Amino acid sequence: MKELNAIQYIERKPIVKTEKTPLFVLIHGYGSNEEDLFSFANDLPENAHIISVRALHNIQFGGFAWYDINFVDNEKWTDVEQAIESRDKLVKFIDAIIAQENLDADNVTLMGFSQGAILSYAISLNYPEKIKNVAILSGYPESKIIADFNQTADFSRLNFFISHGTEDVVLPIDLGRMGEEFLNSLNIKFEYHEYRSGHGIIPQNYFDLMAWIKNF
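A brief report on the enclosed structure follows. Counting of residues starts from 1 at the beginning of each chain's written sequence and follows it residue by residue. Only residues with pLDDT of 70 or above have their local features reported here, since the model is predicted, and side-chain atom pairs are shown and tallied only from 80 upward, although totals for entire chains, interfaces and linings are computed over all residues. Side-chain calculation: all heavy atoms of the structure are included, whereas hydrogens and water are not.

With that out of the way, let us pick up the overall build of the chain. Counting its secondary structure elements, the chain contains six helices and twelve strands. Over its C-alpha trace the chain gives a radius of gyration of 16 Å, about what one expects of a compact globule, namely 17 Å for 216 residues. Each principal axis of the C-alpha atoms in the chain carries an extent, and together these give about 55 × 35 × 35 Å. Within the chain, buried positions represent 52% of all 216 residues. Pairs at least 24 apart in sequence give 74% of the contacts found in the chain among residues at least 6 apart. Taken as a whole, the chain presents about 10,400 Å² of accessible surface, with 46% of it coming from carbon and sulfur. Each helix is a run of DSSP H or I of at least 4 residues and each strand a run of E of at least 2, with the numbering of both proceeding from the N terminus. Note that the radius of gyration is over C-alpha atoms, with the globule rule given as 2.2 Å times the number of residues to the power 0.38. Using a 1.4 Å probe on the protein chains alone, a residue whose accessible area is under 20% of its type maximum counts as buried, one over 50% counts as exposed, and one in between counts as partly exposed. Contact definition: two residues touch when any of their heavy atoms are within 4.5 Å. Methods summary: accessible areas were calculated by the Shrake-Rupley approach with a probe of 1.4 Å, and residue burial reflects only the protein chains presented.

Right, let's get into the sheet that holds strand E3 (residues 23-27). If DSSP finds at least two bridges between two strands, the strands pair. The eight strands lie next to each other as E1-E2-E4-E3-E9-E10-E11-E12, forming an open sheet whose pairing is mixed. The open sheet terminates on both sides in strands that have one partner only, identified here as strand E1 (2-4) and strand E12 (189-195). Adjacent strand axes in the sheet meet at a mean angle of 20 degrees, parallel and antiparallel pairs treated alike. Bridge analysis of strand E9 (residues 108-113) against strand E10 (residues 133-137) gives five bridges, and the strand direction is parallel. Paired with Leu110 across the two strands is Val134, which belongs to E10. In this analysis, axes come from line fits to C-alpha atoms, helices being fitted only over the stretch in contact, and the angle between any two N-to-C directions falls in the range 0 to 180 degrees. Against the sheet, helix H3 (residues 115-126) makes contact with E3, E9, E10 and strand E11 (159-165), and its axis sits at roughly 145 degrees relative to E9, the strand it touches most. Running over the sheet, helix H5 (residues 173-185) touches E11 and E12 and is turned about 160 degrees from E12.

Take helix H6 (residues 203-214) next. Helix span is expected to be 1.5 Å times the residue number reduced by one. Over its twelve residues, H6 extends 17 Å from the first C-alpha to the last, a length consistent with the 16 Å expected when each residue adds 1.5 Å. For H6, the complete set of buried residues consists of Asn205, Tyr206, Asp208, Leu209, Met210, Trp212 and Ile213. Structurally, H6 contributes buried residues whose contacts are with E3, E9, E10, E11 and E12.

It is worth spelling out the nonpolar core at this point. Ranked by size, the top nonpolar core spans 48 residues in total, and within it Leu23 and Val53 carry the most contacts. Broken down by element, the residue count for this core peaks at eight residues, all from helix H2 (residues 80-101). Not counting chain neighbours up to four residues away, the residues in contact with Val53 comprise Ile7, Gln8, Tyr9, Val25, Leu26, Ile27, His28, Glu34, Trp66, Leu90 and Phe93. Formed by 19 residues, the second largest nonpolar core is a distinct cluster that contains Tyr206, Leu209, Met210 and Trp212. In this description, a nonpolar core means a group of buried Ala, Val, Leu, Ile, Met, Phe, Trp, Tyr and Cys residues linked to one another through side-chain atoms lying within 4.5 Å.

A few words on the pattern of salt bridges. By salt bridge we mean one thing: a side-chain nitrogen of Lys or Arg within 4 Å of a carboxyl oxygen of Asp or Glu. Applying the stated criterion across every chain yields a total of nine salt bridges. Of the charged contacts, one joins Glu11 and Lys2 as a salt bridge, the two residues approaching to 2.5 Å between their closest N and O atoms. In this structure Lys2 comes out as partly exposed when scored by relative accessible area, which is 38%. The salt bridge partner of Lys89 is Glu85, with a shortest N-O separation of 3.3 Å. Of this pair, Lys89 and Glu85 both sit in helix H2, four residues apart, which is roughly one turn of that helix. Overall, Glu85 belongs to the partly exposed group, its relative accessible area being 35%. Beyond isolated ion pairs, a larger network of salt bridges with shared partners links Asp174, Arg177 and Glu194.

The criterion for an aromatic pair is that two Phe, Tyr or Trp rings (for Trp, the six-membered ring) have centres within 6.5 Å, with stacked assigned to planes under 30 degrees apart, edge-to-face to planes over 60 apart and tilted to the rest. The tally for this structure, following the rule as stated, stands at eight aromatic pairs. When the ring of Phe149 is compared with that of Phe182, the centres are 6.0 Å apart and the planes differ by 55 degrees; the resulting orientation is tilted. Of the two residues, Phe149 sits in the loop between helix H4 (143-146) and E11 while Phe182 sits in helix H5, which places them 33 residues apart along the sequence. Residue Phe182 is classed as partly exposed on the basis of its relative accessible area of 23%.

This is the structure in structure tokens:
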């Protein structure tokens with residue numbers, strides 16, 4: 001485990017050296033840890049530097065969270081201040097890891113699951129000049145965390161993959177579909193997939209994700 005700018009992470013350095021090294025940043029969901037999405041690393045491009053980050057907040061029963069979630073009167077409550085703090089710390093971390101490892105600042109891919117996907121939307125829409133590819137796995141665009149982003153910014157280089165389970169009871173499919181509508185309204189390039197699954201990644205979802213990665 002390494003640490004940079006107060007964020008702990010694990011990594012897989014490039015297996016194949018190229019003139020410019022792409023960066024993949026893997027951002028896990030609520031209650032998980034950096035090992036979760038890092039299981040994808042062996043299937044990711046051999047010339048990429050893979051970083052899997054650990055969320056900033058401990059959860060009482062184990063695991064980590066980027067921001068607190070509580071359930072009050074059957075309504076989900078999100079600590080927006082914590083979420084925005086995590087969003088901004090991740091942006092600074094990305095800048096720092098690029099500088100430290102001499103990576104290609106023009107070829108950064110975010111891959112997030114659930115909370116990590118929500119943050120990936122927020123990072124890429126606020127800083128489209130810093131991000132190229134975004135994999136949204138079982139997440140949605142949360143307007144409070146995206147906040148007042150510049151809707152006239154240049155989003156032309158962004159490329160999204162969105163996937164969601166139709167039987168997801170944690171983040172229902174209607175939330176996932178918001179992403180499709182949202183990106184369309186901004187003319188951002190994306191591909192959208194639904195699967196008959198819950199809040200997770202089934203094999204077909206994984207195969208489609210890896211096919212998307214091979215094509216960019």
